Structure formats: C-alpha cells, structure tokens
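# Working through the structure, step by step
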Amino acid sequence: MIDTKALRQEQIEKARQVIRHDSFVTTSTSAIPASTPFTPELIAGADVGFEKNGTVTRAAIAVLHYPSLELLEYQVARIDTVLPYIPGLLSFREYPALMAAWQKLNLRPDLVMVDGQGIAHPRRFGVASHFGLLADIPTIGVAKSRLCGEHPPVGDAVGSYQPLMDHAEQIGVVWRSKKRCNPLYISIGHKVSLDSSVFWVEQCMKGYRLPEPTRWADGIASNRPFFRQTMQKNL
DNA sequence: GCGACAG
DNA sequence: ATCTTGTCGC
C-alpha cells in the first residue's frame, strides 16, 4: 500500500525549503534583486497527462522566447505511472515525468509555469513547488481549478482578481484571464514572489484562457492538430 | 460523521 | 487526467 502518511510528512518538510520571494539567478552573475527588474529570456510551460489507461505518465515542457512568446523547443517524456491520483499528493505522481522531460531539454529556461498549484496547497507543496525545488528553477503554479483556500467571486472583466485565502494566509491569486472563462489559480511555485507570478502570467497572455507557455505544453502533450502544424512550421 | 478534493 | 459530437451562448 501507499504510505500517504509519510508522503504528507515529506511535503511538510520540503515545503520549508521553498523560496517565496524573487530569486532569479543569471547563468553568470549573482542573485538578482527582488521585484521584477529582471526580465527572463526563456519562459517554459510544463504539463502532465496520462496514456494507456493511466499506466503511462507523459510530461511535456515547452520553451518559449520572451517577449516574442515563440516556441523554441519542446520535449516530451513518458514513464510508467508511479502513483494513482490522490488529492494533495498529485506532485508525487507527476514530478518524476516532469524531471525526465526537464533533463531532455537543451535550452535552460529562466522560469517555468507549471499546470497545477504551487503553495496553494494544504501543506504548501503543490506540484509547481515540488518541481521547482527539485529542479532548482524558478516556478509559478498556474491551476485551472481550486484545491484549497477560499476567495470572493471574481469580477467578470478580464484582469479582475481576488486573493486566495487559507484562513489568514494568502496562498495565491484567482485571476480572470479571459472573459466568460473560469479564472486561473496563480500561486508561488519556487523562487518567484506572488506579485511577480501574476505579472509574468499576464505578460504571457495571448488571448486564450491559459498563458502561452502552459498552453503550448498542453497542446503538445495532447497532440492536437493545430499545435502539430504550428510546431513543424517553426521547429 | 459529512463533504471537498490540483491533475 | 481521460473517454468524446454536437451544440448552446456570446
């Protein structure tokens, strides 16, 4: 059986290592100051899906150039599924495949947007934080629905937002990325502040519900015709 | 005890 | 997440 008790404990311990402020580092120089004076050159999106009745876990990472948001590279990794889906323990199921895809990458993204929660998690250790910590890369959690926390209704206008609260602690921002679409749940993954997280997601929007990095990772993974065509056109 | 519950 | 066509609404 699965020792869920131990996995939850592991989350609590690893969550202490998550860095919640901007801590971008260039390939050469030292750490870059807080806030957003730093501009990433490469932003990636990561998404995980399942095949063969859930027995195979497939991760896709798409690397885009910023600010052009053009696709520069993508890698897909397939591994045997290691764990069933258990709410709150999603990262243990998904991060092995993410690491495999990560290691295939030739480019080194400055920032990765992960499909799922960051610290907007019961133990503050969602898949975006887990992956960011283990790959030691700045990450942002961009989820399509809520895992925990509460928030007031978000306004209908694009750009409207509400804080995602867990008791007295703000764990994320619920942000309307597109009209008549459910809002996005944005949270700190690792080494990116909440303000910066929302900022970079905004900078990566191109009229769809999802920011381009995540949208591309999603499209590549699901093998949809439009993405295949545009992919071959550019790569 | 009864719901809620990322992907 | 995944199985899947048409269809309702803006």
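Residues numbered from 1 in each chain as written. Chains lettered and ligands numbered in written order. Predicted model: local features only at pLDDT ≥ 70, side-chain atom pairs only at ≥ 80, totals over all residues. Heavy atoms only, no water.

Looking at an unreviewed UniProt entry, one finds chain A named Endonuclease V and attributed to Xenorhabdus aichiensis. Recorded in UniProt for chain A, the comment headed Cofactor (unreviewed entry) runs: "Mg(2+)". Quoted verbatim from the Sequence similarities (unreviewed entry) field of the UniProt record, the comment on chain A reads "Belongs to the endonuclease V family." (UniProt positions renumbered as here; feature names shortened; annotations may be inferred.)

For an α-helix the count is 3.6 residues per turn, leaving residues at separations of three or four pointing the same way. Turning to helix α4 (residues 194–203), its buried residues number three or more, namely Leu194, Ser196, Ser197, Val198, Trp200 and Val201. Residues of α4 that are buried in the fold lie against β4 (111–115), β5 (139–143), β7 (169–175) and β8 (184–190). (Buried < 20%, exposed > 50% of the residue type's maximum accessible area, 1.4 Å probe, protein only. Helix = DSSP H or I, 4+ residues; strand = E, 2+ residues; numbered from the N terminus. Contact = heavy atoms within 4.5 Å.)

With that settled, consider the pattern of salt bridges. When charged atoms on two side chains of opposite charge get close, those side chains can pair. Taken as a whole and judged by the stated rule, the model has 9 salt bridges. Arg58 is the salt-bridge partner of Glu51, the closest N and O atoms lying 2.9 Å from each other. On the basis of relative accessible area, Arg58 is assigned to the buried category, the value being 9%. Of the charged contacts in the structure, one is a salt bridge between Lys144 and Asp115, with a shortest N-O distance of 2.9 Å. In this pair, Lys144 is assigned in the loop between β5 and β6 (161–166) and Asp115 in strand β4, connecting sequence segments 29 residues apart. A single salt-bridge network, built from bridges that share partners, covers Arg20, Arg124, Asp166 and Glu169. (Salt bridge = Lys/Arg side-chain N within 4 Å of Asp/Glu carboxyl O.)

Take the protein's contact with DNA strand B next. Around DNA strand B, the surrounding shell holds 19 residues, and the nearest of these are Tyr85, Gly88, Lys144, Ser145 and Arg146. The share of sugar and phosphate among atoms of DNA strand B within 4 Å of the protein is 50%. In the environment of DNA strand B, a phosphate oxygen lies 2.8 Å from a nitrogen or oxygen atom belonging to the side chain of Arg146. The element best represented in the surface near DNA strand B is helix α2 (residues 90–104), accounting for 4 residues. Across the surface near DNA strand B, the residue classes tally to 8 nonpolar, 6 polar and 5 charged. (Near = heavy atom within 4 Å. Polar contact = N/O pair within 3.5 Å; in protein donor to acceptor, adjacent residues only side chain to side chain. Nonpolar A, V, L, I, M, F, W, Y, C, P; charged D, E, K, R; others polar.)

Residues annotated in UniProt with the feature "binding site: Mg(2+)" (unreviewed entry) correspond here to Asp47 and Asp115. Separation in sequence by 69 residues is not matched in space for these annotated residues, since their most distant C-alpha atoms are only 5.4 Å apart. None of the other annotated residues line the largest pocket; only Asp47 and Asp115 do. The residue Asp47 is located in strand β1 (residues 42–51) in this model. Judged by its relative accessible area of 7%, Asp47 is buried. Not counting residues up to four positions away in its chain, the partners in contact with Asp47 are Arg58, Ala59, Ala60, Leu98, Asp115, Ala217, Asp218 and Ala221. For Asp115, a relative accessible area of 14% puts it in the buried group. Leaving out residues up to four positions away in the same chain, Asp115 has contacts with Ala46, Asp47, Val127, Val142, Lys144, Thr214 and Asp218. (1 Å grid on protein atoms, 1.4 Å probe; cavity = no way out; pocket = protein on both sides within 12 Å on 5 of 7 lines; lining within 4 Å.)

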